[in-house]
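Structural description and commentary
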Amino acid sequence: GVFDGVDATAIRVEGTATSTVTTAAGIVLDGLVTAAAVEADSYGLYLGLGADLGPAAPAPNIRVRREIASTATSETAGDDAFGIFIAAGANAPALNNSGAITARVLGETGNAAAITDLSNTLATITNSGSIVATITATDTDANDNIPPPPVTGSATAIDVSASSIGVTLEQVADTAFTDDDTVDDDAATRPPVRILGDIRLGAGADEVRLLAGAIEGDLSFGAGADLFTINNGATYTGVLSDSDGALTLNVTNGTLGLQGQTTNISSATFGASSVFAPLLSETASQSTHLVSTGDVTFLAGARVAPIAPAGLPVSGTHTFLTAGGSLIGAANVTGPVTGASAPFLYNFQVDAVSNSLVATYTLKSAAQLGLTTNQAIAYDPMIAALRGNSNAAAALASLNSATAFANAYDDLMPSYAAASTELAATGIQQAQSATSNRLAATRLQGLDEVSVWAQEIGYALTRTPTSPNGQEYEGNGFGMALGIDGPLNNGALFGLSLSLLAAEATEEGRPEGELASTFGQANAYLGTALGPIDLDFILGLGAGQLQSRRFVEIGDAFDARSEAKWWAYEGHAALRASAPMRLADWLVVTPQAAVTYVSITEEGYTEQGGGVGIDYDADETTSQRVWGDAGLEISGRFRMGANTVLAPRLYGGYRSNLMDDLAERSFRFASGGADFLLTDETSGDGAPLAGIGLDATNGHSTLSLSYEGELGDQIDRHSLNVAMRFRF
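Residues numbered from 1 in each chain as written. Predicted model: local features only at pLDDT ≥ 70, side-chain atom pairs only at ≥ 80, totals over all residues. Heavy atoms only, no water.

**Points about the overall build of the chain**
Inclusion rule: Here a strand is any run of E in DSSP of at least two residues, a helix any run of H or I of at least four, and the numbering for each starts at the N terminus. All radius of gyration figures rest on C-alpha atoms, and the globule criterion is 2.2 Å times the number of residues raised to 0.38. Note on contacts: a residue pair is in contact if any heavy atoms of the two residues lie within 4.5 Å. Using a 1.4 Å probe, accessible areas were evaluated by the Shrake-Rupley method; residue-level cover was limited to the displayed protein chains. Positive charges come from Lys and Arg, negative ones from Asp and Glu, while His and the chain ends are left out of the count. By convention, charge coordinates are those of NZ in Lys, CZ in Arg, CG in Asp, or CD in Glu.
Helix and strand counts for the chain come out as 5 helices and 53 strands. For a compact globule of 728 residues, the expected C-alpha radius of gyration is about 27 Å, and the chain comes in at 36 Å, more than 25% above that figure. For the C-alpha atoms alone, the extent of the chain along its principal axes is close to 115 × 60 × 50 Å. When contacts within the chain are restricted to residue pairs at least 6 apart in sequence, long-range pairs at least 24 apart make up 66% of them. On the chain, roughly 30100 Å² of surface is accessible, and the fraction owed to carbon and sulfur atoms is 56%. For the chain, the distance from the average site of its 32 positive side-chain charges to the average site of its 80 negative ones is 11 Å.

This is how it looks when you write it as structure tokens:
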């Protein structure tokens with residue numbers, strides 16, 4: 001449509017009160033047919049009074065081989081979108097779709113209908129493509145955390161409720177189309193075989209043959225002797241109804257997923273490769289109950305897989321099938337519900353009571369789910385919070401494997417590990433090392449003048465805990481340190497330095513999530529000596545911002561993203577003692593020991609963006625680290641001309657974790673609930689150290705390269721530093 005408030009029609013075939021339009025061979029649509037209206041109705045193909053498409057044989061009257069798309073945008077009035085609309089007085093006995101027929105409403109009050117027949121002539125619908133009707137509630141501000149208004153319109157894929165002639169709907173597999181080159185050129189672009197939206201049948205003897213793909217939506221049979229067949233692994237999901245109960249079900253090979261309410265039928269047969277998946281509800285009128293006036297038969301190999309009620313209830317018992325005749329083969333589907341169709345979060349039992357099938361379910365305990373200690377602590381508060389998020393709760397209850405549940409649960413857990421703290425502490429330690437390296441190089445080269453220096457810092461770490469209760473993570477960081485120093489009157493060296501450090505980490509099980517930190521710090525350092533022992537003292541303070549981005553995916557049905565930012569403050573100190581021994585003009589051996597202290601206090605934070613049952617509140621926490629290093633450095637001194645000196649060095653030693661606080665933090669869900677305390681493991685006892693470096697100086701400037709590796713029982717650290725010093 002060009003103008004707002006004006007109906008849009010892509011193709012219209014219509015006669016008058018005294019004349020008809022006849023297309024004896026029907027209509028074939030091989031191109032793209034689109035119609036779009038704003039504050040008005042939209043029609044893709046409109047067949048009006050007097051449009052006569054001829055008999056159904058030898059070919060369908062309407063053949064769609066590419067796409068019909070109709071869209072209505074409506075913010076106020078209830079404007080509708082129709083894909084194919086067959087009005088009263090038209091004649092179109094058969095429709096074949098191998099492409100896509102879509103009707104879409106952008107708004108809350110309009111109706112979307114992909115196929116509508118008011119002529120009482122459409123007797124056969126064959127689908128090997130997609131027939132889709134959707135309504136999307138519009139949101140003027142997607143970032144205000146206010147949901148859009150509720151949808152009041154209906155999304156109907158096929159509406160032949162005005163028919164009394166009996167309609168056959170058949171969904172079959174897509175058929176490859178090859179031309180002279182024997183290649184199916186559009187195989188990758190053809191739509192999936194499915195019907196999305198409600199189906200409304202009329203008062204005739206209607207038949208639905210679901211032989212491929214899926215139908216998702218409510219299926220309503222009117223009066224008449226109706227038949228619903230599922231075969232070839234096809235799937236139906238929705239609310240099934242029949243106005244007079246004269247419906248025969250035949251699920252040979254496929255899934256019948258009934259989404260609630262009482263369905264009256266005449267008989268049902270479930271074959272050896274069938275699955276009956278009834279959705280239960282704590283509201284009796286909304287719980288699935290298949291009631292047959294005749295026999296219900298389950299052949300050997302048939303499976304029953306009830307779906308737990310919404311809202312993650314603790315336990316319950318529901319009758320979901322009753323046979324007025326005989327219940328045949330009940331032993332084939334009773335007992336504990338196991339296998340691929342069983343919900344992992346619940347223990348389900350199906351029992352036969354008289355001529356009924358009854359499902360009993362119990363929410364599994366943390367131990368039955370195989371949760372770790374931390375996961376078990378969070379379990380009850382998490383389930384309670386998720387009960388306030390119907391979409392997340394339903395998605396969690398639908399998971400049917402340990403792997404899918406474990407992946408979802410990892411995403412739902414808060415970030416309780418000390419990954420960001422450990423990275424920040426590592427960066428702070430590296431910034432201290434930059435100062436220590438400066439002092440060592442000054443002594444080695446005998447410099448006693450004011451100098452400025454700069455050092456790049458790159459570091460990485462991986463953490464592999466020794467038990468499942470710890471959190472595995474890996475991360476890396478980069479930083480820059482700048483300093484100035486000079487000699488004091490007593491011969492000591494005093495200096496000041498600034499550094500900026502940035503790091504990010506990812507946790508195992510959350511490959512798309514991220515923990516990041518940015519710290520700035522200031523240091524004061526002093527290098528002096530006590531007899532043959534050189535002493536270095538370093539003190540500093542810093543502040544920085546931490547942030548987290550946590551993606552939550554629960555199967556394929558739910559996803560969300562929670563984000564948070566908070567401040568952290570740190571203080572640090574280091575003492576290093578070394579005793580360089582010159583064994584030759586070119587060789588110095590230096591035993592050394594150091595103690596490093598870091599304390600980091602993180603503010604509390606509140607996540608945003610994930611919604612109820614996803615976002616957390618976290619309390620303030622403080623972590624402390626004390627490392628003790630002892631080792632031996634061997635350095636050379638090789639003169640390369642009048643002023644140039646190369647000084648390679650090797651280092652080996654051991655780092656002991658003298659103080660390694662448990663990472664403890666209290667959490668609660670932002671939507672409310674009880675507090676719970678999660679505790680990460682310590683980082684291990686210690687690790688061997690190895691390092692290599694090279695200093696090159698010409699008397700006025702010095703370039704230093706160094707690498708250090710720490711290979712611990714839980715944490716591996718690696719750092720690579722490049723420093724440049726200028727002498728005045």
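**A few points about the sheet that holds strand β50 (residues 676–680)**
To summarise the sheet geometry, strands pair through backbone hydrogen bonds and adopt either a parallel or an antiparallel arrangement. Condition: The pairing criterion for strands is at least two bridges between them, as found by DSSP. Between N-to-C directions, angles cover 0 to 180 degrees, with each direction set by a line fitted to C-alpha atoms, over the stretch in contact for helices.
If you trace the 4 strands from one edge of the open sheet to the other, you get β44-β45-β49-β50, paired in antiparallel fashion. Because the sheet does not close on itself, it has two edges, and the strands there are β44 (605–606) and β50. As judged from the 3 bridges shared by strand β45 (residues 616–618) and strand β49 (residues 663–669), these two strands associate in the antiparallel manner. Bridged to Ala618 within β49 is Phe667. Sheet strands touched by helix α2 (residues 373–386): β45, β49 and β50. Its angle to β50, the strand with the most contacts, is close to 145°.

**Focus on the pattern of salt bridges**
The criterion, for reference: We count a salt bridge whenever a side-chain nitrogen from Lys or Arg sits within 4 Å of a carboxyl oxygen from Asp or Glu. The classification of residues rests on relative accessible area computed with a 1.4 Å probe and restricted to protein chains. Under 20% of the type maximum is buried, over 50% is exposed, and intermediate values are partly exposed.
Counting across every chain of the model gives 17 salt bridges. Asp30 serves as the salt-bridge partner of Arg65, at 2.6 Å between the closest nitrogen and oxygen. With Arg65 in the loop between β7 (62–64) and β8 (67–73) and Asp30 in the loop between β3 (27–29) and β4 (32–38), this pair connects stretches of sequence that are 35 residues apart. A relative accessible area of 44% places Asp30 in the partly exposed class. With a closest N to O distance of 2.6 Å, Asp675 and Arg668 form a salt bridge. A relative accessible area of 18% places Arg668 in the buried class. Through salt bridges with shared partners, a single network forms among Asp629, Arg655, Glu708, Glu710 and Arg717.

**Digging into the packing of aromatic side chains**
How we decide: Pairing of aromatic side chains here covers Phe, Tyr and the six-membered ring of Trp, requires ring centres within 6.5 Å, and sorts the geometry by plane angle: under 30 degrees stacked, over 60 edge-to-face, intermediate tilted. Here, a charge over a ring means that NZ of Lys or CZ of Arg falls within 6 Å of the ring centre while also lying within 35 degrees of the ring normal.
Enumeration over the complete set of coordinates arrives at 23 aromatic pairs. Consider the rings of Phe228 and Tyr236, whose centres lie 5.5 Å apart with planes at 85°: the pair is edge-to-face. In this structure an aromatic cluster arises from ring pairing among Tyr43, Tyr46, Phe82 and Phe85. Here the basic side chain of Arg12 rests over the ring of Tyr46, its NZ or CZ set 3.9 Å away from the ring centre.

**Considerations on the side chain of Thr372**
By secondary structure assignment, the location of Thr372 is in the loop between α1 (366–369) and α2. Look at Thr372 and you get buried, because its relative accessible area is 17%. What Thr372 contacts, discounting residues up to four positions off in sequence, is Pro468 and Asn469.

**Topic: a negative patch on the surface**
Put simply, the test is: Candidates for patches are residues over 30% relative accessible area with no salt bridge; among them, like charges are joined within 9 Å and nonpolar side chains (Val, Leu, Ile, Met, Phe, Trp, Tyr) within 5 Å.
Judged by side-chain charge, Glu512, Glu553, Asp556 and Asp559 come together as a negatively charged surface patch. Examined against the element boundaries, Glu512 turns out to sit in the loop between β38 (493–507) and β39 (514–530).

**Thoughts on α2**
Rules: To estimate how far a helix should extend, the number of its residues minus one is multiplied by 1.5 Å. Fitting one axis to the seven residues ending at a residue and another to the seven starting there, the bend at that residue is the angle between the two axes.
The terminal C-alpha atoms of α2, which comprises 14 residues, lie 20 Å apart, in line with the 20 Å expected from a rise of 1.5 Å per residue. Where α2 bends most, the angle comes to about 40°, and this point is Tyr379, followed within four residues by the proline Pro381.

**Some thoughts on the layout of surface pockets**
Put simply, the rule is: Grid spacing is 1 Å over the protein atoms alone, the probe is 1.4 Å, and a cavity is where that probe fits but cannot get out, while a pocket is an open set with protein on both sides within 12 Å along at least five of seven lines and lining residues have an atom within 4 Å of a point. Grid points are joined across faces, edges and corners, and a volume is the space filled by probe spheres set on the points.
By volume, the second largest pocket amounts to about 710 Å³. Forming the boundary of the second largest pocket are 26 residues, of which Ile307, Ala394, Ala395, Ser398 and Leu399 lie nearest the centre. When residues of the lining of the second largest pocket are assigned to their parent elements, the largest contribution, 6 residues, is made by helix α3 (residues 390–398).

**Some remarks on unusual backbone geometry**
Within the chain, Asn120 stands out as a residue other than glycine whose phi angle is a positive 60°. Looking at where Asn120 falls in the secondary structure, it is placed in the loop between β12 (112–117) and β13 (124–127). One non-glycine residue, Leu312, adopts positive backbone phi at about 50°. Considering the arrangement of structural elements, one finds Leu312 in the loop between β30 (303–304) and β31 (315–323). Exposure remark for Leu312: the relative accessible area of 0% places this residue in the buried category.

**Description of the nonpolar core**
We apply this condition: In this text, buried Ala, Val, Leu, Ile, Met, Phe, Trp, Tyr and Cys residues form a nonpolar core when linked through side-chain atoms within 4.5 Å.
Grouped together as the largest cluster of nonpolar side chains are 135 residues, with contacts concentrated most on Leu47 and Phe228. In contact with Leu47, not counting residues within four places along its chain, are Val13, Ile27, Leu53, Ile62, Phe85, Ile86, Ala87, Ala90 and Ala92. Ranked by size, the runner-up nonpolar core spans 7 residues in total, among them Ala72, Ala103, Val105 and Ala133.

**Some points on the pairing of strand β43 (residues 587–602)**
Note: strand β41 (residues 558–578) against β43, 11 bridges, orientation antiparallel. What sits directly across from His572, in β43, is Val598. Note that strand β42 (residues 581–584) and β43 share 3 bridges and pair antiparallel. Within β43, the position partnered with Met581 by the bridge is Val589.

**Remarks on empty space enclosed by the protein**
Evaluation of the coordinates by the stated rule reveals 8 cavities of 30 Å³ or more. Volume-wise, the second largest cavity comes out at about 70 Å³. Lining the second largest cavity are Ser415, Ala505, Thr506, Glu507, Arg510, Gly513, Glu514, Leu515, Ser548, Arg549 and Arg550. Elements with a contribution of two residues or more to the lining of the second largest cavity: β38, β39 and β40 (533–554).

**Things to note about the packing of α2 against helix α4 (residues 402–412)**
Applied cut-off: Our angle categories are set so that under 35 degrees counts as roughly parallel, over 145 as roughly antiparallel, 65 to 115 as roughly perpendicular, and the remainder as oblique. Side-chain classes are defined by residue name, with Ala, Val, Leu, Ile, Met, Phe, Trp, Tyr, Cys and Pro counting as nonpolar, Asp, Glu, Lys and Arg as charged, and the others, Gly among them, as polar.
Where α2 meets α4, the closest approach of the two axes is 11 Å, and the angle between their N-to-C directions is 85°. Between α2 and α4, the angle falls in the class roughly perpendicular. Residue-level inspection shows Gln375, Ala378, Tyr379, Met382 and Leu386 of α2 in contact with α4, the latter providing Tyr409, Asp410 and Leu412. For the contact of α2 with α4, the residue count by class is 6 nonpolar, 1 polar and 1 charged.

**A few points about the sheet that holds strand β24 (residues 240–242)**
In space, the 8 strands of this open sheet follow the order β1-β5-β9-β12-β15-β18-β21-β24, with parallel pairing throughout. Bordering the open sheet on either side are β1 (8–13) and β24, each of which pairs with just one other strand. Adjacent strand axes in the sheet meet at a mean angle of 10° when their direction is disregarded. Across 3 bridges, strand β15 (residues 155–159) lies against strand β18 (residues 198–200) in parallel orientation. Looking at β18, one finds that Asp159 is bridged to Arg200.

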